[in-house]
Amino acid sequence: MDLPTQNSGSFCCQGLYNACSFKGCCLFAFTFLLFIVIAIAISALVVIFIIRPQEPRFSLSAIRVISFKLRVYSSSTLFISSDVSLTLNAQNHNKLGIKYSPSKLSLYYHGVPIGLVKVPGFYQPAHSDNIVVTAQISLRCLNVSQIIGESLLQEKTRKKVVQMKILGDIRVQLLLFRLASPKIKYVLPCRLH
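Residues numbered from 1 in each chain as written. Predicted model: local features only at pLDDT ≥ 70, side-chain atom pairs only at ≥ 80, totals over all residues. Heavy atoms only, no water.

The next thing to look at is unusual backbone geometry. One non-glycine residue, His 127, lies in positive phi territory at about 55°. By the element assignment, His 127 lies in the loop between strand S6 (122-124) and strand S7 (128-143). (Helix = DSSP H or I, 4+ residues; strand = E, 2+ residues; numbered from the N terminus.)

Structure (C-alpha cells):
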C-alpha cells in the first residue's frame, strides 16, 4: 500500500513542477518582450533627438523631351505620347546616407493615371548637396485638348496651375558607418504645379 501513496506524491510534485515551469516561461516571455519594447523606444529616441532626421530635398534642374507623337482624332481631340527625361538635384542634410532602390511611380492628372515615372536606384551620402539623378517619364495617349480646356477655365478664375500628382512606393535603406538598416518602404506623395 505504500506504493500508491508514493506515486501519488510524485505525481503531485510533477504537476506543481509543470505549473511553476509554465509561470516561469510566461515571466521570461513577458520580461523579454518588455526588454525588446524598451530597446526599440531607446533606438527611436536616439534617432529623433541625436540624429534629427530631415527629409531629403529634390529640385528639378533640367527637362529634356526624348520623343513625342501627336495624334488628332475627330479634328478637335489632340493626343500626345511622349518620353521625357528629368534631371533632378538631390540634397541630403542628414547624418545618415540614404540608398534608394529603383522605383516606378504613377503620374496622375485629376485622379486619372497618365504616365509612369521611372527612377533609377542611387545613393545619397550624408551631408550631400549635389547628387544628380535622371528620371524617365513615359506619357501614353494623354488628352491634351482636355488639359488645355481645363487650363482655359482656370485662367478665367485666375489660376494658371496644372496640377499633377506622383504616387508610389520607394524602398530606402539608411546607411551609417557602412552599416545598413533593413529596407524601409516609404510612400511618396508629390505634387507638381
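Next comes the rest of the write-up.
As a further point, take the state of the cysteines. For the structure shown, the criterion picks out 0 disulfides. Summary of cysteine pairing: Cys 25 is not part of a disulfide, and the nearest cysteine sulfur, belonging to Cys 26, is at 7.0 Å. (Disulfide = S-S within 2.5 Å.)

Let's shift gears to the nonpolar core. One finds Leu 107, Val 117, Val 119 and Ile 137 to be the most contacted residues of the largest nonpolar core, which totals 22 residues. Among the elements of the structure, strand S2 (77-92), strand S3 (97-100), strand S4 (103-109), strand S5 (112-119), S7 and strand S9 (169-176) are those that each provide at least two residues to this core. Once you skip the residues sitting within four places of it in the chain, Val 119 turns out to touch Pro 102, Ser 103, Leu 105, Val 133 and Ala 135. (Core = buried A, V, L, I, M, F, W, Y, C linked by side-chain atoms within 4.5 Å. Buried < 20%, exposed > 50% of the residue type's maximum accessible area, 1.4 Å probe, protein only. Contact = heavy atoms within 4.5 Å.)

A surface patch of nonpolar side chains, about 660 Å² in accessible area, is lined by Phe 28, Phe 32, Leu 33, Phe 35, Ile 36 and Ile 40. Its location among the elements puts Ile 40 in helix H1 (residues 2-51). Using a relative accessible area of 55% as the deciding quantity, one classes Ile 40 as exposed. (Patch = residues over 30% accessible without salt bridge, like charges linked within 9 Å, V, L, I, M, F, W, Y side chains within 5 Å. Areas by Shrake-Rupley, 256 points an atom, 1.4 Å probe, with all protein chains shown as cover. Salt bridge = Lys/Arg side-chain N within 4 Å of Asp/Glu carboxyl O.)

With that settled, the discussion passes to the confidence of the model for the protein chain. Mean pLDDT over the protein chain works out to 76, with 70% of the residues at or above the 70 mark. Of all the helices and strands in the protein chain, strand S12 (residues 190-192) carries the lowest mean pLDDT, 51, while S6 carries the highest, 88. (pLDDT = per-residue confidence, 0-100.)

This part takes up the packing of aromatic side chains. Inspection of every chain in the model, using the stated rule, returns 4 aromatic pairs. Where Phe 58 meets Tyr 100, the ring centres are 6.2 Å apart and the plane angle is 70°; that geometry is what we call edge-to-face. Taken together, the positions of Phe 58 in strand S1 (residues 57-73) and Tyr 100 in strand S3 put the pair 42 residues apart, joining distant regions of the chain. A residue is classified by how much of its surface remains accessible, and Phe 58, at 41% relative accessible area, is partly exposed. Ring centres of Phe 58 and Phe 122 lie 6.4 Å apart, and the angle between their planes is 90°; on these two criteria the pair is classed as edge-to-face. One end of the pair, Phe 58, is in strand S1; the other, Phe 122, is in strand S6, with 64 residues separating them in the sequence. By the ring-pair criterion, three or more aromatic residues cluster together here, those being Phe 58, Tyr 100 and Phe 122. (Phe/Tyr/Trp six-rings, centres within 6.5 Å; stacked < 30°, edge-to-face > 60°.)

Glancing now at the pairing of S7. Pairing of S2 with S7 involves 12 bridges; the strand directions are antiparallel. Note that in S7 the partner of Phe 79 across the bridge is Asn 143. Of the strand pairs in this sheet, S5 and S7 are connected by 4 bridges, and their pairing is antiparallel. Its bridge partner being in S7, Lys 118 is matched across the sheet by Gln 136. (Pairing = 2+ DSSP bridges.)

Before going further, it helps to examine the pairing of S2. Pairing between S1 and S2: 15 bridges, direction antiparallel. Residue pairing across strands places Val 72 opposite Leu 78, the latter belonging to S2. Here S1 folds back onto S2 in antiparallel fashion, the turn holding 3 residues, of which Ser 74 has a positive phi close to 50°.

Moving on, we get to the environment of Tyr 100. Residue Tyr 100 is classed as buried on the basis of its relative accessible area, which comes to 9%. Taking the C-alpha atoms as reference points, Tyr 100 and Arg 171, 71 residues apart in sequence, are found 6.0 Å from one another. In this structure the side chain of Tyr 100 is engaged in a polar contact, spanning 2.9 Å, whose partner is the side chain of Gln 124. (Polar contact = N/O pair within 3.5 Å; in protein donor to acceptor, adjacent residues only side chain to side chain.)

Before going further, it helps to examine the pattern of salt bridges. For the coordinates displayed, the defined rule picks out 1 salt bridge. Here Arg 140 makes a salt bridge to Asp 83, at a shortest N to O gap of 3.1 Å. Of the two residues, Arg 140 is situated in strand S7 and Asp 83 in strand S2; the sequence distance between them amounts to 57 residues. Note on Arg 140: relative accessible area 49%, which makes it partly exposed.

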